[in-house]
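A structural walkthrough
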Amino acid sequence: MPHAEIAFWVVALLVLLALLFDFMNGFHDAANSIATVVSTGVLKPQQAVLFAAFFNVVAVAFFQLKVAATIGKGIVIPGVVDQHVVFGALIGAIAWNAITWWWGIPSSSSHALIGGIAGAVLAKAGPSALVAAGIWKTVAFIVVSPLLGYVFGSLLMVAVAWICRDKSPLRIDRWFRRLQLLSAGLYSLGHGGNDAQKTIGLIWMLLIASGMVAAGEASPPTWVIVACYIAIGMGTMFGGWRIVKTMGQRITKLKPVGGFCAETGGAMTLFLATAMGVPVSTTHTITGAIVGVGSVQRAAAVRWGVAGSIIWAWIFTIPAAALMAGGCYWLSLLLF
């Protein structure tokens with residue numbers, strides 16, 4: 001078999017593996033989009049996943065590919081990425097996602113992928129091959145995105161409490177059951193817009209490395225964009241039910257007004273980060289917003305022990321995925 005043909009089939013298999021990761025991203029992070037709207041009883045779980053999946057896919061029409069550009073060209077210096085690096089990054093990220101899904105821990109698929117890329121690149125070429133600005137921007141938003149979610153969620157909760165101070169609880173509940181459909185749609189739009197682009201960026205990186213796409217191209221092929229948005233939407237449709245309970249009820253008990261404020265605060269953070277080209281964690285963002293809403297009600301409303309265990313998962317995600325990816329990089333050299 002000619003070398004070019006072997007390279008083509010290796011690239012094709014890695015693209016399929018990347019789309020599997022994208023599907024798992026939607027599956028794993030579905031809870032971020034639907035946990036609040038399910039836990040408040042506004043939508044049934046089956047309705048919620050279809051609702052979220054629809055907005056995940058239509059996000060393709062709303063956002064520029066700035067996050068994809070960060071992943072594809074802003075994390076690793078040119079010429080380092082090859083099929084072995086991409087294989088290691090994907091397997092490391094998928095393995096960490098599977099472990100955290102099994103234990104019901106809402107970790108970040110985004111940071112699992114970043115950790116996977118970094119780990120595989122470190123195994124191949126060392127730290128000098130990483131673009132420091134891109135890595136540090138992503139790492140900084142591990143702290144910034146939940147803080148923004150917290151601030152936006154809590155400020156919205158305060159504003160709503162003031163605006164609705166003379167209204168009856170029954171009337172407020174009825175209003176916000178309807179408004180939560182809007183906030184859930186916005187959050188799902190932000191989820192699809194930021195998360196699908198991470199896989200687009202990885203496939204773009206692979207196609208450039210294999211010579212199938214010129215490095216100077218301003219955007220990836222259209223088929224890559226469409227396939228990634230559909231894959232994340234399909235993953236969301238299947239849902240991640242183990243994590244819904246943690247996000248929707250174990251951190252704090254939410255009512256429709258709280259769900260609206262948390263989702264809207266999270267959506268504002270995601271829209272801002274995507275416009276800046278920063279690959280952020282939707283998990284971190286919505287968790288911060290939920291904690292912000294809960295703490296406005298009263299500090300005791302937040303189960304800080306649960307929130308603390310989630311934060312530990314955030315801290316370990318990048319190094320754990322990097323370690324797995326480094327091992328998978330060396331495995332790839334033996335296999336291929």
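Residues numbered from 1 in each chain as written. Predicted model: local features only at pLDDT ≥ 70, side-chain atom pairs only at ≥ 80, totals over all residues. Heavy atoms only, no water.

This part covers the confidence of the model for the protein. The predicted structure's coordinates, where accompanied by low pLDDT, should not be read in detail. Residues with a pLDDT of 70 or more make up 86% of the protein, whose mean pLDDT is 82. At the level of individual helices and strands, the protein shows its lowest average pLDDT in helix 9 (residues 241-250), which scores 50, and its highest in helix 8 (residues 222-238), which scores 92. Between residues 1-6, whose pLDDT stays under 50, and residues either more than four places distant or in other chains, the model counts 1 contact. (pLDDT = per-residue confidence, 0-100. Helix = DSSP H or I, 4+ residues; strand = E, 2+ residues; numbered from the N terminus. Contact = heavy atoms within 4.5 Å.)

Glancing now at the packing of aromatic side chains. For the coordinates displayed, the defined rule picks out 7 aromatic pairs. Measuring from ring centre to ring centre gives 6.5 Å for F23 and F27, while their planes differ by 20 degrees; the resulting arrangement is stacked. Of the two residues, F23 and F27 are both situated in helix 1 (residues 3-39); the distance of 4 residues between them amounts to about one turn of the helix. The partly exposed category is assigned to F27, whose relative accessible area is 23%. Note on Y329 and W330: the rings are 5.3 Å apart at their centroids and 75 degrees apart in plane angle, and the pair reads as edge-to-face. The exposure class assigned to Y329 is buried, which follows from its relative accessible area of 5%. Joined through ring pairs, the aromatic side chains of F51, F54 and F55 make up one cluster. In this arrangement the basic side chain of R165 is found over the ring face of W162, its NZ or CZ atom lying 4.4 Å from the centre. (Phe/Tyr/Trp six-rings, centres within 6.5 Å; stacked < 30°, edge-to-face > 60°. Buried < 20%, exposed > 50% of the residue type's maximum accessible area, 1.4 Å probe, protein only. Lys NZ or Arg CZ within 6 Å of the ring centre and 35° of its normal.)

Before going further, it helps to spend a moment on helix 5 (residues 109-125). With 17 residues, helix 5 extends 24 Å between its outermost C-alpha atoms, agreeing within 8% with the 24 Å of an ideal straight helix rising 1.5 Å per residue. Counting buried positions along helix 5 yields 14 of 17 residues, so the element is predominantly enclosed. Looking one or two residues beyond helix 5, the residue adopting positive phi is G126, at roughly 85 degrees. (Expected span 1.5 Å × (residues − 1).)

Ranked by size, the top nonpolar core spans 53 residues in total, and within it V76, I117, V121 and L202 carry the most contacts. In terms of residues, this core owes the most to one element, helix 7 (residues 169-209), which gives 9 residues. If sequence neighbours within four positions are ignored, V121 has contacts with V76, V80, V85, G126, A129 and L130. Core analysis: the second largest hydrophobic core is formed by 20 residues, M157, F176, C261 and V293 among them. (Core = buried A, V, L, I, M, F, W, Y, C linked by side-chain atoms within 4.5 Å.)

Evaluated as defined, the whole model comprises 3 salt bridges. Here D82 makes a salt bridge to K124, at a shortest N to O gap of 3.0 Å. Residue D82 is found in the loop between helix 3 (66-73) and helix 4 (83-102), and its partner K124 is found in helix 5; the two are separated by 42 residues along the sequence. The exposure class of K124 is partly exposed, given its relative accessible area of 34%. D195 is paired through a salt bridge with K198; the nearest N and O atoms lie 2.5 Å apart. On the criterion of helical spacing, the pair formed by D195 and K198 is a turn pair, its members being 3 residues apart in helix 7. K198 shares its class with D195; the two are buried. (Salt bridge = Lys/Arg side-chain N within 4 Å of Asp/Glu carboxyl O.)

For the rest of this paragraph, the subject is a nonpolar patch on the surface. There is a patch of nonpolar side chains on the surface, built from L50, V226, I230, M234, M237 and F238 and spanning about 540 Å² of accessible area. At 5 residues, helix 8 tops the list of elements feeding residues into the nonpolar patch. The class of I230 is partly exposed, set by a relative accessible area of 43%. (Patch = residues over 30% accessible without salt bridge, like charges linked within 9 Å, V, L, I, M, F, W, Y side chains within 5 Å. Areas by Shrake-Rupley, 256 points an atom, 1.4 Å probe, with all protein chains shown as cover.)

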